[in-house]
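Spelled out, the chains give:
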Amino acid sequence: MKIALIGYGKMGQLIAQLAPHRGHEIVAAISPSSKKINEQLSQLQEADIWIDFSHPDAVLDHLRKSIALKKPLVIGTTGWDDQLQLAKELVASSSIACLYAPNFSIGVHLFKKIVSYAAQLIAPFTEYDLSGIEYHHKHKLDAPSGTAKALTSSIMQHLPHLADFQFSSVRCGYIPGTHTLCLDSPVDTITLTHQARSREGFAYGALTAAEWLKNRKGFFTLDDLIPISLKQE
């Protein structure tokens, strides 16, 4: 595929580095500003798909441009969840495919399923309290992270009595991403952690999503790309 990168920070640069190993070509790598996008419309039109790791304030504008040019869009930018419903409506009324994930790591997707199942198991035992903490590099803009918000949403489906639960956020150094949940009772503690070793897992996940979107239409998440159903005993 021919790929246009919207946003050329650390993630965009890593995707550009890894894409040729999957047989893809980067035909545009531009800053997230609308001016730069408008200056490079010819490269954007040449692309088969766009991948957006830019800025939350620009995501909807990029989505509207991708719809106008009929280009499928993978969105990895976080911090714009308050506009997610509008994004879904825009895609629903268009002919494009869009896949959004706050975290493209396959391991994080599996972790979210593990956390959801753990919440189901723990639900009858109200003596357990819950805390969460997430660590990211000092340049990450949103706090809590999009992954932390997704984990919280998954947990609250099964533990509504913990309505005040939220992640604490640490921004320091160069940490790719760590999310830890602690279930604590008077007699024991259960700890669940996902720790990313590098950003490569996120980049490969975004490329996998781009490959999967081919010939599709509609708004998708990683739940569609990697469907997992948990068997109940």
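Computed from a predicted structure; not experimentally measured.

S.K.: Tell me about the overall build of the chain, and name the residues and values.
M.R.: Across its full length, the chain holds nine helices and ten strands. The globule rule puts the C-alpha radius of gyration for 233 residues at 17 Å, and the 19 Å found for the chain is close to it. On the principal axes, the C-alpha backbone points of the chain span a range of 65 × 40 × 30 Å. Taken across its 233 residues, the chain has 48% of its residues classed as buried.

S.K.: An account of the UniProt feature "binding site: (S)-2,3,4,5-tetrahydrodipicolinate" (unreviewed entry) in the chain is needed here, citing residue identities and associated values.
M.R.: Using the residue numbers shown here, the UniProt feature "binding site: (S)-2,3,4,5-tetrahydrodipicolinate" (unreviewed entry) corresponds to His-137, Gly-146 and Thr-147. Looking at the element boundaries, His-137 is found in the loop between strand S6 (129–136) and helix H7 (146–156). A relative accessible area of 14% places His-137 in the buried class. Setting aside chain neighbours within four positions, we find His-137 in contact with Arg-171, Cys-172, Gly-173, Tyr-174, Ile-175 and Arg-199. Those residues in contact with Thr-147 that lie beyond four places of it in its chain are Pro-102, Asn-103, Val-108 and His-179.

S.K.: Describe the packing of aromatic side chains, with residues and values.
M.R.: This structure, assessed with the given rule, holds four aromatic pairs. Here the aromatic rings of Phe-165 and Phe-167 are separated by 5.6 Å at their centres, their planes lie at 65 degrees, and the arrangement is edge-to-face. You'll find Phe-165 and Phe-167 in the same group, each marked buried. Ring centres of Trp-212 and Phe-220 lie 5.1 Å apart, and the angle between their planes is 90 degrees; on these two criteria the pair is classed as edge-to-face. What makes Trp-212 buried here is its relative accessible area of 18%. The exposure class of Phe-220 is buried, given its relative accessible area of 16%. Note that Arg-216 overlies the ring of Trp-212, its terminal NZ or CZ placed 3.9 Å from the centroid.

S.K.: Can you tell me about the environment of His-24, naming the residues and giving the values?
M.R.: With respect to the element layout, His-24 can be found in the loop between helix H1 (10–18) and strand S2 (25–30). The buried category is assigned to His-24, whose relative accessible area is 10%. Taking C-alpha positions, His-24 is 26 Å from Pro-56, a pair spaced 32 residues apart along the chain. Those residues in contact with His-24 that lie beyond four places of it in its chain are Met-1, Ile-3, Ala-19, Leu-207 and Glu-211. A distance of 2.7 Å separates polar atoms of two side chains, one belonging to His-24 and the other to Glu-211.

S.K.: Run through the pattern of salt bridges, naming residues and quoting values.
M.R.: Where charged atoms from two side chains of opposite charge come close, those side chains can pair. Using the criterion set out here, one finds seven salt bridges in the structure. The residue Glu-211 makes a salt bridge to Arg-22 at a minimum N-O spacing of 2.8 Å. Residue Glu-211 is found in helix H8 (residues 200–212), and its partner Arg-22 is found in the loop between H1 and S2; the two are separated by 189 residues along the sequence. Using a relative accessible area of 29% as the deciding quantity, one classes Glu-211 as partly exposed. The class of Arg-22 is partly exposed, set by a relative accessible area of 30%. Notably, a salt bridge pairs Lys-65 with Asp-61, separated by 3.0 Å at the nearest N-O pair. With Lys-65 and Asp-61 both in helix H4 (residues 59–68) and four residues apart, the pair spans about one turn of that helix. Assessed through its relative accessible area of 17%, Lys-65 is described here as buried. One salt-bridge network, in which partners are shared between bridges, spans Lys-112, Lys-113 and Asp-223.

S.K.: Can you lay out unusual backbone geometry for me, pointing to particular residues and giving the numbers?
M.R.: Backbone geometry follows two general trends: most residues other than glycine have a negative phi, and most peptide bonds adopt the trans configuration. For the bond from Ala-143 to Pro-144, the omega torsion is 0 degrees, close enough to zero to count as cis. Tracing the backbone through its elements, the reader meets Pro-144 in the loop between S6 and H7. Residues other than glycine seldom take positive phi values, yet Lys-70 does so here, at roughly 60 degrees. Residue position: Lys-70 is located in the loop between H4 and strand S4 (73–75).

Basis of the calculations
- Going along each chain's sequence as written, the residues are numbered from 1 onward.
- Note on the predicted model: pLDDT of at least 70 is required for a residue's local features to be given, and 80 or more for side-chain atom pairs to be given and counted; whole-chain, interface and lining totals, by contrast, use all residues.
- Side-chain calculation: all heavy atoms of the structure are included, whereas hydrogens and water are not.
- Secondary structure elements are taken from DSSP: a helix is a run of H or I of four residues or more, a strand is a run of E of two residues or more, and numbering for both begins at the N terminus.
- Our radius of gyration is a C-alpha quantity, and the globule rule it is checked against amounts to 2.2 Å times the number of residues to the power 0.38.
- When a residue's accessible area, from a 1.4 Å probe over protein chains only, is under 20% of the maximum for its type it is buried; when over 50% it is exposed; and in between it is partly exposed.
- UniProt positions are given in the numbering used here, feature names are shortened, and annotations may be inferred rather than shown by experiment.
- In what follows, residue pairs with any heavy atoms lying within 4.5 Å of each other are defined as contacts.
- In this scheme Phe, Tyr and Trp rings, the latter by its six-membered ring, pair at centre separations within 6.5 Å, and the angle between planes marks the pair as stacked below 30 degrees, edge-to-face above 60, and tilted otherwise.
- Geometrically, a charge over a ring is one whose NZ (Lys) or CZ (Arg) sits within 6 Å of the ring centre while staying within 35 degrees of the ring normal.
- Distance and chemistry together define a polar contact, namely a pair of N or O atoms within 3.5 Å, with one atom able to donate a hydrogen and the other to accept it when in protein, and with adjacent residues in sequence counting only for side-chain atoms on both sides.
- For this analysis, a salt bridge means a side-chain nitrogen from Lys or Arg found within 4 Å of a carboxyl oxygen belonging to Asp or Glu.

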